[in-house]
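Inside the fold
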Amino acid sequence: ICVAYVEKTWEVLVNPEIIERSRGLVASTEGCLSLPKSELPVQRHEEIVVNYHTAHGEARIFRASGMDAIVLQHEIDHLDGVLILDRTTRNARRHWLRRAGFALLP
């Protein structure tokens, strides 16, 4: 389950699955509460289609673009165990890890 603010309303998405992705990508800078004080460059699909159920069990399909698509991809990544550290560049990841005080292998 994830909760996201899309189309100017809070939406509960149960078992969301991205079923379509645009070829086009958009670059943005994302922060994450799981990684305090993080702002990392990430590329996301410009448009996605998400299949999910509401909190009441109703099946829905949602086509998202712009910030809605970015937010949904970010939140669905969490459900899949993926953080923005996994989506950023190698250099940005190394910089964040050093700044956060994590020891790095050579």
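Remember, predicted model here, so these are calculated numbers, not experimental data.

Across 7 bridges, the pairing between strand β3 (residues 25-32) and strand β4 (residues 35-45) is antiparallel. Residue Glu-30 lies in a different strand from β4, and its bridge partner there is Leu-40. What sits between the antiparallel neighbours β3 and β4 is a turn of 2 residues.

It is worth spelling out the pairing of strand β2 (residues 9-21) at this point. Sheet analysis places strand β1 (residues 2-6) next to β2, joined by 5 bridges and oriented antiparallel. Bridging from a neighbouring strand, Val-3 pairs with Val-12 of β2. Connecting β1 to the antiparallel partner β2 that follows it, the hairpin turn spans 2 residues, and Glu-7 within it adopts a positive phi of roughly 50°. Where β2 meets strand β5 (residues 47-53), 5 bridges bridge the pair, whose relative direction is antiparallel. Bridge assignment links Glu-17 to a residue of β5, and that residue is Asn-51.

For the rest of this paragraph, the subject is the sheet that holds strand β6 (residues 59-65). Read from one edge to the other, the open sheet built from 4 strands follows the order β1-β2-β5-β6, with strand pairing classed as antiparallel. Each edge of the open sheet is held by one strand with a lone partner, namely β1 and β6. Taking each pair of neighbouring strands and ignoring which way they run, the sheet shows an average axis angle of 55°. Where helix α1 (residues 66-79) meets the sheet, its contacts fall on β1, β2, β5 and β6, and the angle it forms with β6 comes to roughly 125°.

Turning our eyes to something else, we now look at the confidence of the model for the protein chain. Averaged over every residue, the pLDDT of the protein chain is 93; residues scoring 70 or more account for 96%. Averaged pLDDT values for the elements of the protein chain fall to 90 in helix α3 (residues 90-99) and rise to 98 in β5.

The rules behind these values
- Residues numbered from 1 in each chain as written.
- Predicted model: local features only at pLDDT ≥ 70, side-chain atom pairs only at ≥ 80, totals over all residues.
- Heavy atoms only, no water.
- Pairing = 2+ DSSP bridges.
- Helix = DSSP H or I, 4+ residues; strand = E, 2+ residues; numbered from the N terminus.
- Axes fitted to C-alpha atoms, helices over the stretch in contact; angles between N-to-C directions.
- Contact = heavy atoms within 4.5 Å.
- pLDDT = per-residue confidence, 0-100.

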